Amino acid sequence: MSVPKELLYSKEHEWVKKEDGKVRIGITDFAQDELGDIVFVELPEPGDELEVNEPFGSVESVKTVSELYAPISGKVIEVNEELEDSPEFVNESPYEKAWMVVIEPSEETELDDLLSADAYDEIVNQD
Amino acid sequence: MSELKRTPLFSAYEKYGAKTIDFGGWDLPVQFTGIKHEHEATRTKAGLFDVSHMGEITVKGPKSLDFLQKMVTNDVGKLTPNRAQYTLMCYEDGGTVDDFLIYMLDEDDYLLVVNAANTDKDYQWLVSHNTFSDSEITIENVSNEIVQLALQGPYAEEILQTVTETDLSDIRFFRFQQAVQLGQLNDIALVSRTGYTGEDGFEIYISAKSGIALWELILQAGKNKGLEPIGLGARDTLRFEANLPLYGQEISKEISPIEAGLSFAVKVNKQADFIGKQALRYQVENGVERKLVGIEMVDKGIPRTGYEIYHNDDYAGFVTSGTQAPTLQKNIGLALIRTELANEGVELTVQVRKRKLLAKVVKTPFYKREK
């Protein structure tokens, strides 16, 4: 499973990318592979407030519904509208085309609680 | 937690990339390459399923017909050797013990193929209602001795025909043949033209020790026809589109076959006094308060098992099964709702997490193959 070095990760299998004062969020390659064919993505609206470790949306595969948990608190400033019509991006390109939201963090220190690529890699790629 | 059960084919899954999950206590493949892909392969070419987790119970002896007539809702007396019948077994109140196929192997010799999770319950239920002596009837759970594979899809017959001398076109829907030689296998098989996908195809029963050899034989035979191994995920979406009920969802202890629209298999006028007859006849004659219908989402969202349904803010029922149907590309569900709302076009709302989303009642089956 691919685990890009430059990202941070949550134990709930979301990735976090720091972008000057903002963070971009999506789900990991491991998560999409576990879920199987993604057919529906439900995301918050711009302006919504996310609270760390609380559900902020959901990803549905043919078989199941999985909640998305906020890896960090903050205000949603951008949502990937393309996923509405192309949920398969989550399978095809979890780290690029399938970013889900961009938020303005309210508690920057929460970033310290996230996992490094190496630490996350150890969780998902151990046999 | 007790250890998961495995079918005799478990070791063969790995090289085909199976992802296995706990399915009612069984470690079974939910998918090989992906549910959508496998679903389409079965609809357009052919798919091979290991369904050995299904239970097999034999009922034999001079009183077996009398006994089965008392236990099940369909008219077993209509069967002749080498024919199969879909039936239900019910409680006194009309709730469902299980749904299954009865194969008439010979006079006084029947095979019941039941749902995996219900096998022990069914066996106990049958045994506890048996008032005959051992010389009149014997009931046996032979599930562990039998491997069952399902070969389904438009190329199923063509593929299977390449490994047998038996003329498969002679086996019509819901008929079967016993003692069929497939390839050079050491055991003979029972080949039945039945399935759980809405496609043409076969269900094949063979001794457990020949299971892996049969799996490999068929996969090899179908390779250039696009045959692929299929997991339980696609089995569920295939049966759902074809409106075939799943025990525990469309029918259960709390849901009668009449409510689920299965009255074709409930013969309330047959002579034998079967368990549940009175309650089921009452339902047929006076109507039921809720009915199984198809729903299609109007708003964006996917109906899922257990989601509540409302009509003008009043509780109307619940979703029994639902998904984004791979063949139809629609977000659809089966739902048990109040009978007065069970008409095509009626608008309902489905509680999807925090929101009530608009849906409407539609015709079923969602999918019917072209013949």
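Located above this text is the structure these notes cover.
My aim in this report is to walk through the structure given alongside it, one point at a time. Quick caveat, the model's predicted, so the values are computed rather than measured.

## A word on the pairing of strand β19 (residues 355–362) of chain B
Residues and elements named next belong to chain B.
Argument step 1. The pairing of strand β14 (residues 290–297) with β19 spans four bridges and is antiparallel. In the sheet register, M297 faces β19, and the bridge partner there is A359.
Argument step 2. Pairing of strand β18 (residues 347–352) with β19, which is carried by six bridges, proceeds in the antiparallel orientation. Paired with V350 across the two strands is L357, which belongs to β19.

## So, unusual backbone geometry
Residue and element names in this part refer to chain B.
Argument step 1. Cis peptide bonds are those with omega within 30 degrees of zero, and the linkage from T364 to P365 qualifies with -5 degrees.
Argument step 2. Within the fold, P365 resides in the segment after β19.
Argument step 3. Despite not being glycine, N82 shows a phi value in the positive range, around 75 degrees.
Argument step 4. Looking at the element boundaries, N82 is found in the loop between α3 (64–71) and β5 (83–90).
Argument step 5. One non-glycine residue, N312, lies in positive phi territory at about 50 degrees.

## Observations concerning the packing of aromatic side chains
Residue and element names in this part refer to chain B.
Argument step 1. Counted according to the given criterion, the structure contains 14 aromatic pairs over all chains.
Argument step 2. Between Y16 and W215, the ring centres sit 6.2 Å apart and the planes meet at 80 degrees, which makes this aromatic pair edge-to-face. Residue Y16 is located in the loop between α1 (10–13) and β1 (19–23), and its partner W215 is located in helix α6 (residues 211–222); the two are separated by 199 residues in the primary sequence.
Argument step 3. Taking relative accessible area as the criterion, W215 reaches 0% and is therefore assigned buried.
Argument step 4. Geometrically, the ring pair formed by Y91 and W125 is edge-to-face, given 5.1 Å between the ring centres and 70 degrees between the ring planes. Of the two residues, Y91 sits in the loop between β5 and β6 (96–106) while W125 sits in helix α4 (residues 119–128), which places them 34 residues apart along the sequence.
Argument step 5. The exposure class assigned to Y91 is buried, which follows from its relative accessible area of 14%.
Argument step 6. By relative accessible area, which is 18% here, W125 ends up buried.

## Remarks on the side chain of A:Q32
Residues and elements named next belong to chain A.
Argument step 1. On the secondary structure map, Q32 appears in helix α1 (residues 29–35).
Argument step 2. By relative accessible area, which is 10% here, Q32 ends up buried.
Argument step 3. Apart from the residues within four sequence positions on either side, Q32 is in contact with I27, V90, N91 and P94.

Criteria and cut-off values
Residues numbered from 1 in each chain as written. Chains lettered and ligands numbered in written order. Predicted model: local features only at pLDDT ≥ 70, side-chain atom pairs only at ≥ 80, totals over all residues. Heavy atoms only, no water. Pairing = 2+ DSSP bridges. Helix = DSSP H or I, 4+ residues; strand = E, 2+ residues; numbered from the N terminus. Phe/Tyr/Trp six-rings, centres within 6.5 Å; stacked < 30°, edge-to-face > 60°. Buried < 20%, exposed > 50% of the residue type's maximum accessible area, 1.4 Å probe, protein only. Contact = heavy atoms within 4.5 Å.

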